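Secondary and tertiary structure notes
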Amino acid sequence: MKEEKTNVLRTLDKLKIAYKVHSFEVDPENYVGIDEETAPVKVGLPAERVYKTIVTRGKSGEHYVFMLPVNRELDLKKCAAAVGEKNVEPLHLKELLPTTGYIRGGCSPIGMKKKFRATAYYKIADQPTVVYSAGRPGLMTETAPADLIKAADVKLADIVKE
């Protein structure tokens, strides 16, 4: 059975970026994403190589995308400093689909309805590959960090709580 292409996978194809797809069954009504316990089971990699995507809104009203390992938590003060805002807050769940085109558990910095400034935890560059959402719950893609950085024009910064 052929895998249906998402905006993420179409973008990676267009950019001629090699990737591996990881798919697993999810309950779309109750899926909240993978965490540090389920990541190694679902994709076969340690949690520090599996990245989640969080969309925020700054005091200015601009939206920002942050990527961090599933076993880490965002430090909103560090995030605000990284993008030059006074503060940032996570986007309300009801705003996610109309703002990004993605639903919870399927949000990726690649292929959003509008391109937002993206920042990833700086240690992403130390990983051989990273896994992140391919655009829908239960579908993830694995690429080299440099390819993710290129595809989503990602900047690197220290954005996690210690």
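Up top you'll find the structure we're talking about.
None of the values given here were measured: they were computed from a predicted structure.

1. Remarks on helix α4 (residues 93-100)
Residues of α4 that are buried include every one of E95, L96, T99 and T100, and no others. In a view along the axis of α4, the buried residues occupy a sector of 120°, so they form one face of it. Those residues of α4 that are buried lie in contact with β2 (51-58) and β3 (63-69). Phi turns positive one or two residues past the end of α4, at G101, with a value near 90°.

2. So, the packing of aromatic side chains
Going through the model one piece at a time under the given rule, you end up with one aromatic pair. Each ring, one from Y121 and one from Y122, has its centre 5.1 Å from the other, and the planes form 70°; the classification is edge-to-face. Residue Y121 is classed as buried on the basis of its relative accessible area, which comes to 3%.

3. Things to note about the sheet that holds strand β8 (residues 154-157)
Read across the sheet, five strands follow the order β4-β2-β3-β5-β8 without closing on themselves; strand pairing throughout is mixed. Sheet topology places β4 (88-90) and β8 at the edges, where each strand pairs with a single neighbour. In this sheet, adjacent strand axes meet at a mean angle of 35° when their direction is disregarded. Sheet strands touched by helix α3 (residues 76-83): β3, β4, β5 (117-121) and β8. Its angle to β4, the strand with the most contacts, is close to 125°. Where helix α5 (residues 145-152) meets the sheet, it contacts β3, β5 and β8, and its direction lies at approximately 120° from that of β8.

Thresholds applied
Residues numbered from 1 in each chain as written. Predicted model: local features only at pLDDT ≥ 70, side-chain atom pairs only at ≥ 80, totals over all residues. Heavy atoms only, no water. Buried < 20%, exposed > 50% of the residue type's maximum accessible area, 1.4 Å probe, protein only. Helix = DSSP H or I, 4+ residues; strand = E, 2+ residues; numbered from the N terminus. Arc of directions from axis to C-beta. Contact = heavy atoms within 4.5 Å. Phe/Tyr/Trp six-rings, centres within 6.5 Å; stacked < 30°, edge-to-face > 60°. Pairing = 2+ DSSP bridges. Axes fitted to C-alpha atoms, helices over the stretch in contact; angles between N-to-C directions.

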